Amino acid sequence: MDVKRVKDYIYWLYYQYLLVTCSYVLEPWEQSMFHTITVTVVAMVVYTAYVFVPIHVRLALEFFSQIFGAQPDSTV
């Protein structure tokens, strides 16, 4: 893939982001604040999903395996 095409595609994605969020109408300092807050929120959501989703999936699998008749592990 050509580097220019990748660069144009990234610019196009960024332009789409600006259009969807309507942040293209903001002043430069407002845009930087908006982007900082957006990146922070997305990072917190990704981190929370990375930490807590596997725990909840494991607990759900244990719960449903007990409901559908799987034998519990020995506690001895």
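All residue numbers refer to positions counted from 1 along the written sequence of the respective chain. Residues qualify for local features only when their pLDDT is at least 70, as the model is predicted, and side-chain atom pairs are given and counted only at 80 or more; totals for whole chains, interfaces and linings, by contrast, use all residues. Only hydrogens and water are removed before side-chain values are computed, so all heavy atoms of the structure are retained for them.

1. Focus: the packing of helix α1 (residues 3–21) against helix α2 (residues 28–67)
Between α1 and α2, the shortest axis-to-axis distance is 13 Å and the interhelical angle comes to 95°. Between α1 and α2, the interaxial angle falls into the category roughly perpendicular. Only Q31, F34, H35 and T38 of α2 make contact with α1, whose side of the interface consists of Y14, Y17, L18 and T21. Each residue belonging to the contact of α1 with α2 can be placed in one class, and the counts come to 4 nonpolar, 4 polar and no charged. Every axis in this analysis is a line fitted to C-alpha atoms, fitted for helices over the stretch in contact. Angles between the N-to-C directions lie between 0 and 180 degrees. To qualify as a helix, a DSSP run of H or I must reach at least 4 residues; to qualify as a strand, a run of E must reach at least 2; elements of each kind are numbered from the N terminus. Here the angle decides the label: under 35 degrees means roughly parallel, over 145 means roughly antiparallel, 65 to 115 means roughly perpendicular, and every other value means oblique. Whether two residues touch is decided by their heavy atoms; if any such pair falls within 4.5 Å, the residues are in contact. Gly is put with the polar residues, along with every residue not named as nonpolar or charged; the nonpolar set is Ala, Val, Leu, Ile, Met, Phe, Trp, Tyr, Cys and Pro, and the charged set is Asp, Glu, Lys and Arg.

2. Side note on α2
Along an α-helix, a turn takes 3.6 residues, which lines up residues three or four apart on a common side. Given a helix with a known number of residues, its expected span is that number minus one, times 1.5 Å. Helix length check: α2, at 40 residues, gives a terminal C-alpha distance of 56 Å against a target of 58 Å (1.5 Å per residue), a fit within 8%. Remark: the principal bend of α2, roughly 35°, maps to F52, with a proline, P54, within the next four residues. G69, located one to two residues past α2, shows a positive phi value of around 95°. Bending is quantified residue by residue as the angle between axes fitted to the seven-residue window ending at that residue and the seven-residue window starting at it.

3. What about the UniProt feature "transmembrane region" (unreviewed entry) in the chain?
As annotated in UniProt, the feature "transmembrane region" (unreviewed entry) corresponds to residues 9–26 and 32–53 in the numbering used here. Counted over residues 9–26, helix gives 72% and strand 0%. Its end C-alpha atoms are 23 Å apart. Taken as a whole, residues 32–53 contains 100% helix and 0% strand, while its terminal C-alpha atoms sit 31 Å from one another. UniProt positions are given in the numbering used here, feature names are shortened, and annotations may be inferred rather than shown by experiment.

4. Focus: the packing of aromatic side chains
Think of it this way: a Phe, Tyr or Trp ring, Trp meaning its six-membered ring, pairs with another when their centres are within 6.5 Å, and the plane angle makes it stacked under 30 degrees, edge-to-face over 60, tilted otherwise. Applying the stated criterion to the full structure yields 4 aromatic pairs. Ring geometry for Y9 and W12: centres 5.9 Å apart, planes at 25°, overall stacked. Taken together, the residues Y9 and W12, both in helix α1 and 3 residues apart, mark about one turn of the helix. Burial status follows relative accessibility: with a 1.4 Å probe on protein chains alone, a residue under 20% of its type maximum counts as buried, one over 50% as exposed, and anything between as partly exposed. By relative accessible area, Y9 is classed as partly exposed at 48%.

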